[in-house]
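Each chain is listed here by its residues.
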Amino acid sequence: MTSLTQNFNFAYLDEQTKRTIRRTLLKAIAIPGHQIPFGSREMPLSYGWGTGGMQVTAAVIGQDDVFKVIDQGADDTTNAVNIRRFFEKVCGVETTESTSAATLIQTRHRIPETPLQEGQIMVYQVPIPEPLRWLEPSEVETRKMHALSEYGPMYVRLYEDITQFGQIATAYDYPVMVNQRYLMRPSPIPRFDNPKLNMSPAIQLFGAGREKRIYAVPPYTEVKSLDFEDYPFQVETWDKACEFCGSTESYLDEVVTDNDGGRLWICSDTDFCRSRGKREE
Amino acid sequence: MSYVAVKGGAKAIANSEALLQAQRRGEQTVPELSLEQIKQQMALAVDRVISEGSLYDRDLAALAIKQSWGDLVEAAFLLRAYRTTLPRFYYSQPVDTGQMQLQRRISSIFKDLPGGQQLGASFDYIHRLLDFKLAAEDNQFPAPESETDNQPVPRVVDVLGKEGLIQAENPIQQPNNGATQSEENVFDLTRQPQQLPAGRDARLQNLARADEGFLLSLAYSSQRGYGNSHPFAGEIRVGQVEVVICPEELGFEVAIASITLTEVQMVNQFKGSSAIPPQFTRGYGLTFGYNERKAMAMALVDRCLRAEEFGETVQGPAQDEEFVLSHSDNVAAQGFVQHLKLPHYIDFQAELNLVRKLRQEYQQSNQATQSTEVEIKQAENFDSANIENNSVPTPISPPLDHPTTPHHSPTP
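Conventions used here
- Residues numbered from 1 in each chain as written.
- Chains lettered and ligands numbered in written order.
- Predicted model: local features only at pLDDT ≥ 70, side-chain atom pairs only at ≥ 80, totals over all residues.
- Heavy atoms only, no water.
- Helix = DSSP H or I, 4+ residues; strand = E, 2+ residues; numbered from the N terminus.
- Buried < 20%, exposed > 50% of the residue type's maximum accessible area, 1.4 Å probe, protein only.
- Contact = heavy atoms within 4.5 Å.
- Areas by Shrake-Rupley, 256 points an atom, 1.4 Å probe, with all protein chains shown as cover.
- 1 Å grid on protein atoms, 1.4 Å probe; cavity = no way out; pocket = protein on both sides within 12 Å on 5 of 7 lines; lining within 4 Å.
- Points joined across faces, edges and corners; volume = space filled by probe spheres on them.
- Nonpolar A, V, L, I, M, F, W, Y, C, P; charged D, E, K, R; others polar.
- Phe/Tyr/Trp six-rings, centres within 6.5 Å; stacked < 30°, edge-to-face > 60°.
- Pairing = 2+ DSSP bridges.
- pLDDT = per-residue confidence, 0-100.
- Buried area = accessible area lost by both parts, 1.4 Å probe.
- Salt bridge = Lys/Arg side-chain N within 4 Å of Asp/Glu carboxyl O.
- Polar contact = N/O pair within 3.5 Å; in protein donor to acceptor, adjacent residues only side chain to side chain.
- Arc of directions from axis to C-beta.
- Expected span 1.5 Å × (residues − 1).

**Digging into the overall build of chain B**
Thought 1: When its secondary structure is counted, chain B shows 13 helices and four strands.
Thought 2: A burial count over chain B gives 39% of its 412 residues as buried.
Thought 3: When contacts within chain B are restricted to residue pairs at least 6 apart in sequence, those whose partners lie at least 24 apart make up 66%.
Thought 4: With the model as given, the accessible surface of chain B reaches about 24,300 Å², and the carbon-plus-sulfur share is 55%.

Below, the structure is given as structure tokens:
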């Protein structure tokens, strides 16, 4: 596989393509939360498997970057391993599992528990960028709705949830308003992570390869999860603690341990858990 | 502690790849397929792959087919992932299919016509009987003598065009500003994101590399009433055309390749409108290689997608541009459908928490309203059965189809 590094450009994409993606990123940063179409390429991984995030990463990664990849919060899931080894192969950059040591973090479905810092870049893999998609299947229509800030239907949907279930029944990919202007999908992170998007010191870039869209949240930008005055946005809590580190404030995964319904709970963020020190092996 | 963290992803991936390679090769005693064998003896597979992979390179397509274990969608994906890394030097001049060196040419709208009908190699009139002799090797199949003189043959629709009976193909126009574009400005689907509504150039590019099965079904649906389609196969032609570039620095044309194309022109009736006199309209299909079924389906779908242009009502999926163009690409479709194999346990955990909470509330409101002894007893029985298992939320299953299912967005 050493031939790959020799036969392909640094970070796989050619410089021209990387430049067009960087131009798109600049535009995206300038209009927080607004989806910018870009000439997304086929990557050597399937569309839907992180190609948008990979193209954004390829466009911004430099030789001095320290790169971290997580999927479901963990560095060791097969998809995270696969994307990390791809960039090791085509960039030869240093990789890490430590959130604070990383300059560039590509993620699927989670934001690390360790607070992000200035200078860090988060790259989110986005499957469906359009927050209005389940309300309106037509792209032509949803673009108009964004242009006119016509977000009433989304509020109606949330309201209908409350009348039907007594609460907003969206557990992940919970819609947010960015900079008081654009409705945005935060990618399928649990709503537990939504508050971390708000006023983050890091640059947050979102890439949807198959749908050919890029959007961004610049540092220190207001990101508000939609809610109502009498039904404020809430995140879920657990009455359990992490089996390994004892954390009660992180996002916990439920692990089935036997056939009799036995469960235990562990941190989804493996780096966070490890850095707190294992309580039990 | 019975739980063991999932580690060793890198090793598992490496082993999976090695196993795939071994199984793909099969028994060592059986001779390995050569690319030349695939190229010649599975030529239609190669043609499908160059068409959907949108790269005219039969050698690489053969390699992709070998590498993909005969999975043609996977092979098209391999080819696409490779072509995207190639630099773009020139755009060719438009190819002239009127100058095609024909291998096959059929028209169903005239009994005979200049240049004649030429069946070429085709399954059309072969009885579909399994040929058991073919199971044995070393068959000899001498090709019949060819009588064709290789003179260019005019295109059938051009015959109709001389009389003004068929709508002329206009130079490419962008949907919004209506400005005619020069050849250099033709939309390039491989470099630009699809825009909607799409110009006809973008639309035809999309269809040319669309999944054959998807187009086939859409075309079929339009024939069965989901859409308004009354087509005749005006002409189907298969053969070689020259690809010519005109580099600015040279200032003259250079032929760089000869490629096989399948071109289909469907002729459709059109009763006319206030602005357009009654005439025939066309649906156009063009593919790399010998891909007749695909090219015919493409031509039907192209005509369906012109509904709006001709003031027809959009009734069926085949006429809905956004639906067709957004879902035609099998490289995108296979990826997104199969991405459901990736771990989704974070989102599932969030859903689990939510459903438990909803069930708890459902149960509370139920207990408040329901008082019949039988039901309470059932609930208690259920409770005691789960008593040691405090993590599982308590009881009373609502009927499965109860409307309190929360909104479920496909998790990606």
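**Side note on empty space enclosed by the protein**
Residues and elements named next belong to chain A.
Thought 1: For the coordinates displayed, the defined rule picks out three cavities of 30 Å³ or more.
Thought 2: Empty space within the second largest cavity amounts to approximately 120 Å³.
Thought 3: With three residues, helix α3 (residues 51–60) is the single largest residue contributor to the lining of the second largest cavity.
Thought 4: The residue inventory of the lining of the second largest cavity, partitioned by class, reads five nonpolar, 10 polar and two charged.

**Details of the layout of surface pockets**
Thought 1: Here the second largest pocket defines a volume of roughly 1,800 Å³.
Thought 2: Pro44 of chain A together with Glu17, Gln67, Glu74 and Leu78 of chain B are the residues nearest the centre of the second largest pocket, which is lined by 40 residues in total.
Thought 3: At the level of secondary structure, the elements contributing two or more residues to the lining of the second largest pocket comprise α1 (2–7) and α4 (78–91) of chain A together with α1 (9–25), α4 (58–67), α5 (72–83) and α11 (330–338) of chain B.
Thought 4: Classifying every residue of the lining of the second largest pocket gives 21 nonpolar, 12 polar and seven charged.

**Re the packing of aromatic side chains**
All names here are of chain A.
Thought 1: Within the structure shown, the criterion is met by 11 aromatic pairs over all chains.
Thought 2: Pairing tyrosine 124 with phenylalanine 206 gives two aromatic rings, centres 4.2 Å apart and planes at 5 degrees, and the pair type is stacked. Of this pair, tyrosine 124 sits in strand β5 (residues 121–125) while phenylalanine 206 is found in strand β8 (residues 203–208), placing the two residues 82 residues apart along the sequence.
Thought 3: Of the residues examined, tyrosine 124 reaches a relative accessible area of 0% and is grouped as buried.
Thought 4: Taking the relative accessible area as the measure of exposure, phenylalanine 206 reaches 0% and is therefore buried.
Thought 5: Ring plane angle 65 degrees and centroid distance 4.8 Å describe the contact between tyrosine 174 and phenylalanine 233, whose orientation is recorded as edge-to-face. Linking tyrosine 174 in the loop between α6 (152–165) and β6 (176–178) with phenylalanine 233 in the loop between β10 (223–225) and β11 (252–256), this pair joins segments that are 59 residues apart in sequence. Pair check on accessibility: tyrosine 174 and phenylalanine 233 agree, each one buried.
Thought 6: Members of the aromatic cluster, each reached through a chain of ring pairs, are Tyr12, Phe67, Phe86 and Phe87.

**Comments concerning the pairing of strand β3 (residues 254–270) of chain B**
Residue and element names in this part refer to chain B.
Thought 1: Bridging between strand β2 (residues 231–245) and β3 involves 14 bridges; their strand directions are antiparallel. The partner of valine 238 across the bridge, within β3, is threonine 262.
Thought 2: As judged from the 10 bridges shared by β3 and strand β4 (residues 279–288), these two strands associate in the antiparallel manner. For asparagine 268, the partnering residue across the bridge sits in β4 and is threonine 281.

**Regarding the confidence of the model for chain B**
Residues and elements named next belong to chain B.
Thought 1: Per-residue confidence for chain B gives a mean pLDDT of 85; residues scoring 70 or more make up 84%.
Thought 2: Of the regions scoring below 50 in pLDDT, residues 174–182 engages in 14 contacts with residues more than four places distant in sequence or in other chains.
Thought 3: In this model residues 385–412 is a low-confidence stretch, pLDDT under 50, and it forms 66 contacts with partners more than four residues away in sequence or in other chains.

**Here we look at the interface of chain A and chain B**
Thought 1: In this assembly, 69 residues from chain A lie in contact with 60 residues from chain B.
Thought 2: Interface area for chain A against chain B, summed over the two sides, is near 5,400 Å², with a carbon-plus-sulfur share of 58%.
Thought 3: Run the count over chain A and chain B and you get three salt bridges.
Thought 4: One salt bridge connects arginine 209 of chain B with glutamate 42 of chain A, and the closest N-O pair in it is separated by 3.7 Å.
Thought 5: Taken together, the links from chain A to chain B amount to 21 residue pairs in polar contact (both at pLDDT 80 or more).
Thought 6: Secondary-structure elements contributing two or more residues to the side of chain A that touches chain B are α4, α5 (139–147), α6, β11 and β12 (263–267) of chain A.

**Looking at α5 of chain A**
Thought 1: Within α5 of chain A, burial applies to Glu139, Thr142, Met145 and His146 of chain A. Taken end-on, α5 of chain A shows its buried residues confined to a sector of 120 degrees, consistent with a single buried face.
Thought 2: As for α5 of chain A, its buried residues are in contact with α6, β7 (182–184) and β9 (213–217) of chain A together with α10 (321–327) of chain B.
Thought 3: Backbone nitrogen of valine 140 of chain A and a side-chain oxygen of the N-cap are separated by 3.2 Å at the start of α5 of chain A; the cap is serine 138 of chain A.
Thought 4: Two residues or fewer past α5 of chain A, serine 149 of chain A is found with a positive phi of approximately 50 degrees.

**Some details on the environment of threonine 287 of chain B**
All names here are of chain B.
Thought 1: Here threonine 287 is to be found in strand β4.
Thought 2: The class for threonine 287 is buried, based on a relative accessible area of 2%.
Thought 3: Between the C-alpha atom of threonine 287 and that of valine 264, which follows or precedes it by 23 residues, the distance is 9.0 Å.
Thought 4: Once residues lying within four places of it in the same chain are set aside, the contact partners of threonine 287 are Ser51, Thr260, Leu261, Thr262, Lys294 and Ala295.

**Considering the side chain of serine 51 of chain B**
Residue and element names in this part refer to chain B.
Thought 1: In this structure, serine 51 sits in helix α3 (residues 43–52).
Thought 2: In this structure the side chain of serine 51 is engaged in a polar contact, spanning 3.5 Å, whose partner is the backbone oxygen of alanine 208.
Thought 3: Not counting chain neighbours up to four residues away, the residues in contact with serine 51 comprise Ala208, Arg209, Thr287, Phe288, Asn291 and Lys294.

**Notes on α1 of chain B**
Thought 1: With 17 residues, α1 of chain B extends 25 Å between its outermost C-alpha atoms, agreeing within 8% with the 24 Å of an ideal straight helix rising 1.5 Å per residue.
Thought 2: Looking one or two residues beyond α1 of chain B, the residue adopting positive phi is glycine 26 of chain B, at roughly 70 degrees.

**Some thoughts on the sheet that holds β9 of chain A**
All names here are of chain A.
Thought 1: Read from one edge to the other, the open sheet built from seven strands follows the order β1-β9-β8-β5-β4-β2-β3, with strand pairing classed as mixed. Where the open sheet ends on each side, the last strands, each with one partner, are β1 (36–37) and β3 (94–95).
Thought 2: Bridge count between β8 and β9: five bridges; the pairing is antiparallel. Paired with alanine 208 across the two strands is arginine 213, which belongs to β9.

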